[in-house]
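Summary of the model geometry
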Amino acid sequence: MKILKNIMSQFHTFLLWALASVLLWGWIYTLVNDAPREKKVTVFINAVAIDDHALAVRLEEHLPDGIRKIKVHDFEYQMIGSDVKGDIYVVRASQLEQMLREKPEAVLPITVPEGCIGYDYGGSCYGLRIFDAASQTGAGAGKYIWYAYLDEPQKEDYYLCFGTETVHVLGADGAVDNAAWEVAMELLSLEK
Amino acid sequence: MPGQIVSLYPPERLRQLKRKIKALRILLWLLAAAALTACVVLTCCANTANSSVMMLWTMGISTVAGWIVLYLAIFGVGEGKKELAHASHLVEGEQQAVTGTVLVDPCRMRLRKSISVRKVFVRTPEGEQSFLVNAARAEELRRAGERLTVYVSHGYVAAYEVCP
């Protein structure tokens, strides 16, 4: 009873401590769980739904050399004013076309590796197919990425492409390694 | 015992209080260090797979340990220090003896940035005088009886003597 009375007399102090503790450790974990741009690969996915946490954990099982972190975000994260620069984007075919039409310099042209299907635009290839609408199959579908609603098949293919501001694809300005390409291959190899 | 001056702050009690404050201080520093170490270890062990769970554990440990440390600091060390400062002040001060019928008020009040006290009324042939007594010692004074000589220092009762 006395303890409770004492606590109530200093309730504001205890409450303030709880708030400070949550804010402080939240901030520290944000710092600890991040890495400089040169040490992380950022993936943006614009699908019906994604399990960003599980996908990041899965991709981090095979971290490329020199990379500490793989961050997976919903594409809307980019759209709400974040200044995070994506290395890899997974978008619908129509969205990729729109990006190339409106801002072609934002997408990195690539050479399609053997066994992959590319997205051609204006004579260059810009994306690698990750979801096939004809067969309704895609990398990591139903486990990490949901390309279609359950009651409605997806009519469009999805493509994986690289942002020109990436520093993890050899050939891009300021590239330090080819880690984004390695992560992309890992992403494409996820069970269908 | 009639004729014997009983101090409300005997030297042994003050020594005990000093020992208690020291022990509490050591305990709260140990607790704070242990909690901080646990939080740092959890933070260092965090990775993408477990960061949410680790963060919740860290926040929980930090919050609860912080509450315990705060409680000990405010109501253990803080209150102890106030009582010690108050007692030292009274023991060192000049004491004035007042003999009469003593009545200890049941209501306690907290002095700003100091200890809790209760009022003491002493009825003498000249009239009624009012003093204060440490609330933690008030029961001892009340149990001593009604007819007392109280020794007052800086307006606080520091000792008493049961009148024969």
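Residues numbered from 1 in each chain as written. Chains lettered and ligands numbered in written order. Predicted model: local features only at pLDDT ≥ 70, side-chain atom pairs only at ≥ 80, totals over all residues. Heavy atoms only, no water.

For chain A, the helix and strand inventory stands at six helices and nine strands. The C-alpha radius of gyration of chain A comes to 21 Å, more than 25% above the 16 Å expected for a compact globule of 192 residues. Overall, the C-alpha framework of chain A stretches about 80 × 45 × 35 Å when taken along its three principal axes. For chain A, the residues scored as buried account for 43% of the 192 residues in total. Taking as baseline every contact in chain A between residues at least 6 positions apart, the subset at least 24 positions apart corresponds to 68%. Taken as two groups, the 17 positive and 27 negative side-chain charges of chain A have centres that lie 10 Å from each other. (Helix = DSSP H or I, 4+ residues; strand = E, 2+ residues; numbered from the N terminus. Rg over C-alpha atoms; globule rule 2.2 N^0.38 Å. Buried < 20%, exposed > 50% of the residue type's maximum accessible area, 1.4 Å probe, protein only. Contact = heavy atoms within 4.5 Å. Lys, Arg positive; Asp, Glu negative; His and termini not counted. Charge placed at Lys NZ, Arg CZ, Asp CG, Glu CD.)

Bringing the overall build of chain B into the picture now. Looking only at helices and strands, chain B features three helices and six strands. Seen in sequence order, chain B has helices and strands lined up from the N terminus as β-α-α-β-β-β-α-β-β. Against the compact-globule benchmark of 15 Å for 164 residues, chain B has a radius of gyration of 23 Å, which places it well outside the compact range. Considered along the principal axes of its C-alpha atoms, chain B spans approximately 80 × 30 × 25 Å. Of all 164 residues assigned to chain B, the portion counted as buried reaches 42%. In chain B, 57% of the contacts between residues at least 6 apart in sequence involve partners at least 24 apart. A total accessible area of about 9,400 Å² is found for chain B, and carbon and sulfur atoms account for 62% of it. (Areas by Shrake-Rupley, 256 points an atom, 1.4 Å probe, with all protein chains shown as cover.)

On to the packing of helix α2 (residues 11-32) of chain A against helix α2 (residues 51-92) of chain B, then. Axis separation between α2 of chain A and α2 of chain B bottoms out at 9 Å; the angle between their running directions is 150°. Note on packing geometry: the crossing formed by α2 of chain A with α2 of chain B is right-handed. Here α2 of chain A contributes T13, F14, W17, A18, S21, V22, W25, G26 and Y29 of chain A to the contact with α2 of chain B, which in turn contributes S51, M54, M55, T58, M59, S62, T63, G66, W67, L70, Y71 and I74 of chain B. (Axes fitted to C-alpha atoms, helices over the stretch in contact; angles between N-to-C directions. Left-handed = near helix turned anticlockwise from the far one by under 90°.)

Below, the discussion takes up the interface of chain A and chain B. Opposite the 23 residues of chain A that make contact, chain B presents 21 residues. Around 1,900 Å² of area is buried between chain A and chain B when both sides are counted, 70% of it from carbon and sulfur atoms. Together, F14, W25 and Y29 of chain A form the three largest contributors to the area buried by chain A at its contact with chain B, with a combined 37%. For the pair chain A and chain B, the interface holds zero salt bridges. Taken together, the connections running from chain A to chain B amount to 13 residue pairs in polar contact (both at pLDDT 80 or more). Of all the secondary structure elements, the ones that give two or more residues to the side of chain A that touches chain B are α1 (2-9), α2 and α3 (52-59) of chain A. (Buried area = accessible area lost by both parts, 1.4 Å probe. Salt bridge = Lys/Arg side-chain N within 4 Å of Asp/Glu carboxyl O. Polar contact = N/O pair within 3.5 Å; in protein donor to acceptor, adjacent residues only side chain to side chain.)

Residue and element names in this part refer to chain A. As for its position among the elements, I110 is in the loop between α5 (93-102) and β5 (118-121). A sequence separation of 14 residues divides I110 from L96, and the C-alpha atoms of the two residues are 14 Å apart. Filtering out sequence-adjacent residues up to four positions away, I110 remains in contact with C125, Y126, G127, L128, F162 and W181.

Notably, Q136 of chain A is not glycine yet its phi reads approximately 55°, a positive angle. The topology assignment puts Q136 of chain A in the loop between β6 (124-132) and β7 (137-138). A positive phi angle, close to 50°, is found at H154 of chain B, a residue other than glycine. Mapped onto the secondary structure, H154 of chain B falls in the loop between β5 (147-153) and β6 (156-162).

So, on to a nonpolar patch on the surface. All names here are of chain A. On the surface, L4, M8, F11, L15, L16 and L19 cluster together into a nonpolar patch covering about 640 Å² of accessible area. For the nonpolar patch, the secondary-structure elements that each account for two or more residues are α1 and α2. The biggest single contributor to the nonpolar patch is α2, with four residues. For M8, the position within the fold is in helix α1. (Patch = residues over 30% accessible without salt bridge, like charges linked within 9 Å, V, L, I, M, F, W, Y side chains within 5 Å.)

A separate point is the pairing of β6 of chain A. Residue and element names in this part refer to chain A. Among the nine residues that make up β6, seven are buried, leaving the element largely enclosed by the rest of the structure. Where β5 meets β6, four bridges bridge the pair, whose relative direction is antiparallel. Residue pairing for β6: D120 is matched across the bridge by C125. Here β5 folds back onto β6 in antiparallel fashion, the turn holding two residues, of which G122 has a positive phi close to 60°. For β6 and strand β9 (residues 158-162), the ladder comprises four bridges, and the chain directions are antiparallel. (Pairing = 2+ DSSP bridges.)

Attention now goes to the packing of aromatic side chains. All names here are of chain A. Counted under the stated rule, the structure contains nine aromatic pairs over all chains. Here the aromatic rings of F44 and Y89 are separated by 5.6 Å at their centres, their planes lie at 15°, and the arrangement is stacked. Of this pair, F44 sits in strand β1 (residues 40-45) while Y89 sits in strand β4 (residues 88-92), placing them 45 residues apart in sequence. Y89 carries the same exposure label as F44, and that label is buried. Ring plane angle 70° and centroid distance 5.8 Å describe the contact between F75 and Y89, whose orientation is recorded as edge-to-face. Here Y89 lies in strand β4 and F75 lies in helix α4 (residues 75-79), a separation of 14 residues in the sequence. The pair formed by F75 and Y89 is uniform in burial state, with each residue classed as buried. Among the aromatic side chains, those forming a connected cluster through ring pairs are F44, F75 and Y89. (Phe/Tyr/Trp six-rings, centres within 6.5 Å; stacked < 30°, edge-to-face > 60°.)

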